[in-house]
Amino acid sequence: MAPHHRRLISNWLFVLCFMLLGMIAIGGVTRLTGSGLSIMDWQPVSGIIPPLSHAEWERLFALYKTIPQYHLQHEGFGLEGFQKIFWAEWIHRFWGRLMGLVLFVPLVWFTIRGMITRKLALRLFLFFILGALQGAIGWFMVASGFRPDSTAVEPVRLVLHLSAALALYLAVLWTAFSIRWPQPQTVPGMPAAHRTKRLVWAALCLICITIIAGGFTAGTHAGFVFNTFPLMDGHLIPQDYARLTPFWLNWVDNKAAIQFDHRLLATLTALTIGCVLLVGLRTRGLGAKAHNALMLLGWAVLIQYALGVTTLLLVVPVWAGAVHQTFAAVLLGVMLYVLHNLRGVSTR
């Protein structure tokens, strides 16, 4: 690929990553406002057109009245209240369709013009297919909220939807990095360099697990149970942490345990990143670019931890919950950038 083509293609993929962050933010708002169940049908193509008449609004509102969420949470809030939650979900779906166009149309153009290799074109077409699959996973998640006595989607399906979005985000971002900076910087085989890379991998895994735990925290509304920090109802570990049997059920169905696990994993992640900085910034052979990436990582984890505590203490307002969820993906992206800068360090 020509250098100017590399810049063009990587910029395009960075725009897609930014749109994915926007999608995660909109998804957070949709979840926190209880808007996800307001659209009762899945129309991948025709659904891009919003209701254009009062009769259509009344039809959609009548459909919404048939599900438990309306009767258990929103009964009597009227057409105007329905429209508010409808628009949040419609924007979420519209943004997904827009991302599909932003990926597919330039991809066809770049392929026809021969600006990308066949291997890269196949990879990017696979991303498009995965994006479409993500839409199907989203509907699979939403459908779980239509069951009797249900007012929200199943936490497991919510975590699946979030995890798939983050996996696509990481794949696109890594591809953008590799196109923009195709040659890794060779790093001498120093023990400290190998130690830094292993710690970065450990921190990356911890971030992913912490985000999954955060998905269960969101899906079960566990963030509303204990709104003090660092103690939980006066205890470091909540008293009813292990009240369910078998024990593993506490990790996905016990709100006290779910919130504690998310707190613990976030703290372990922050401490591990602290070790990454302690070792990596003292390793001169990594180069200035890698050191700058590590400094960016340090600031990112501080911001995310502070956002988490703030969201908890404020009892999960919509804006704080959405920002906290979105910045988790930003932190994950910064960690991926650090790892990309350490490609020249061989693992052993």
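As a reminder, the structure under discussion sits directly above these lines.
Each chain has its residues counted from 1, following the order in which its sequence is written. Owing to the predicted nature of the model, reporting of local features is limited to residues with pLDDT of at least 70; listing and counting of side-chain atom pairs is limited to 80 or more, with chain, interface and lining totals taken over all residues. Hydrogens are left out, water is left out, and the side-chain values use all remaining heavy atoms of the structure.

### Some details on the layout of surface pockets
For step 1, the next point in the chain: For the second largest pocket, the calculated volume is near 230 Å³.
For step 2, the next point in the chain: Points on a 1 Å grid over protein atoms alone make up a cavity when a 1.4 Å probe fits among them but cannot get out, and a pocket when they form an open set with protein on both sides within 12 Å along at least five of seven lines; lining residues each have an atom within 4 Å of a point. Considering the residues around the second largest pocket, the lining is formed by Met-1, Arg-6, Thr-117, Lys-119, Leu-120, Arg-123, Thr-175, Ser-178, Ile-179 and Pro-182.
For step 3, the next point in the chain: Under the scheme applied here, ten amino acids are nonpolar (Ala, Val, Leu, Ile, Met, Phe, Trp, Tyr, Cys and Pro), four are charged (Asp, Glu, Lys and Arg), and all others, including Gly, are polar. By residue class, the composition of the lining of the second largest pocket is 4 nonpolar, 3 polar and 3 charged. Grid points are joined across faces, edges and corners, and a volume is the space filled by probe spheres set on the points.

### Re the packing of helix H1 (residues 3–32) against helix H4 (residues 78–112)
For any two helices packed against each other, one specifies the inter-axial angle together with the distance between the axes.
For step 1, the next point in the chain: Orientation is described by lines fitted to C-alpha atoms, with helices fitted over the stretch in contact, and by angles between N-to-C directions that extend from 0 to 180 degrees. Each helix is a run of DSSP H or I of at least 4 residues and each strand a run of E of at least 2, with the numbering of both proceeding from the N terminus. Contact geometry for H1 and H4: axes closest at 9 Å, N-to-C directions at 165 degrees. Relative to H4, the element H1 is oriented roughly antiparallel. For H1 against H4, the interelement crossing comes out left-handed.
For step 2, the next point in the chain: Partitioning the contact of H1 with H4 into residue classes produces 18 nonpolar, 5 polar and 1 charged. Here roughly perpendicular refers to angles of 65 to 115 degrees, roughly parallel to angles under 35, roughly antiparallel to angles over 145, and oblique to all remaining angles. Should the near helix be turned anticlockwise from the far one by less than a right angle, the crossing is termed left-handed; should it be turned clockwise, right-handed.

### Side note on helix H7 (residues 191–219)
For step 1, the next point in the chain: The span you would expect from a helix comes to 1.5 Å times its residue count less one. Helix length check: H7, at 29 residues, gives a terminal C-alpha distance of 42 Å against a target of 42 Å (1.5 Å per residue), a fit within 8%.
For step 2, the next point in the chain: Of the residues trailing H7, His-221 is marked for its positive phi of about 60 degrees.

### Structural notes on the state of the cysteines
For step 1, the next point in the chain: The disulfide criterion used throughout: a pair of cysteine sulfur atoms within 2.5 Å. Scanning the entire structure with this criterion turns up 0 disulfides.
For step 2, the next point in the chain: Just so you know, Cys-205 is unpaired, no disulfide at all, and the nearest cysteine sulfur is the one on Cys-208, 6.6 Å from it.
For step 3, the next point in the chain: Since its relative accessible area comes to 43%, Cys-205 is described here as partly exposed. Three exposure classes are used, based on accessible area relative to the maximum for each residue type with a 1.4 Å probe and protein chains only: buried under 20%, partly exposed in between, and exposed over 50%.

### Details of the side chain of Thr-269
For step 1, the next point in the chain: Within the secondary structure, Thr-269 is located in helix H9 (residues 255–280).
For step 2, the next point in the chain: The class for Thr-269 is buried, based on a relative accessible area of 4%.

### Description of the pattern of salt bridges
For step 1, the next point in the chain: Salt bridges, as used here, are contacts in which a Lys or Arg side-chain nitrogen is within 4 Å of a carboxyl oxygen on Asp or Glu. Tallying each qualifying case throughout the model produces 4 salt bridges.
For step 2, the next point in the chain: Two residues, Arg-147 and Glu-154, come together in a salt bridge whose shortest N-O distance is 2.2 Å.
For step 3, the next point in the chain: The structure contains a network of salt bridges with shared partners spanning Arg-147, Glu-154 and Arg-157.

### A word on the environment of Gly-96
For step 1, the next point in the chain: Note that Gly-96 resides in helix H4.
For step 2, the next point in the chain: The sequence separation of Gly-96 and Gln-134 amounts to 38 residues, and the corresponding C-alpha distance is 9.1 Å.

### Topic: the packing of aromatic side chains
For step 1, the next point in the chain: Any two of the Phe, Tyr and Trp rings considered here, Trp counted by its six-membered ring, make a pair once their centres fall within 6.5 Å; the pair's planes then place it as stacked at under 30 degrees, edge-to-face at over 60, or tilted in between. What the rule picks out here adds up to 26 aromatic pairs.
For step 2, the next point in the chain: Note on Phe-14 and Phe-177: the rings are 5.9 Å apart at their centroids and 55 degrees apart in plane angle, and the pair reads as tilted. With Phe-14 in helix H1 and Phe-177 in helix H6 (residues 155–180), this residue pair connects regions lying 163 residues apart in the sequence.
For step 3, the next point in the chain: Centroid distance Trp-90 to Phe-94: 5.1 Å. Interplanar angle 10 degrees. Geometry classified as stacked. Of this pair, Trp-90 and Phe-94 both sit in helix H4, separated by 4 residues, roughly a single helical turn.
For step 4, the next point in the chain: Given a relative accessible area of 13%, Trp-90 falls into the buried group.
For step 5, the next point in the chain: Assessed through its relative accessible area of 29%, Phe-94 is described here as partly exposed.
For step 6, the next point in the chain: Taken together through their ring pairs, the aromatic side chains of Trp-57, Phe-61, Tyr-64, Tyr-70, Phe-77, Phe-82, Phe-86, Trp-87, Trp-90 and Phe-94 make up a single cluster.

None of the figures reported here should be taken as evidence of function without further support.
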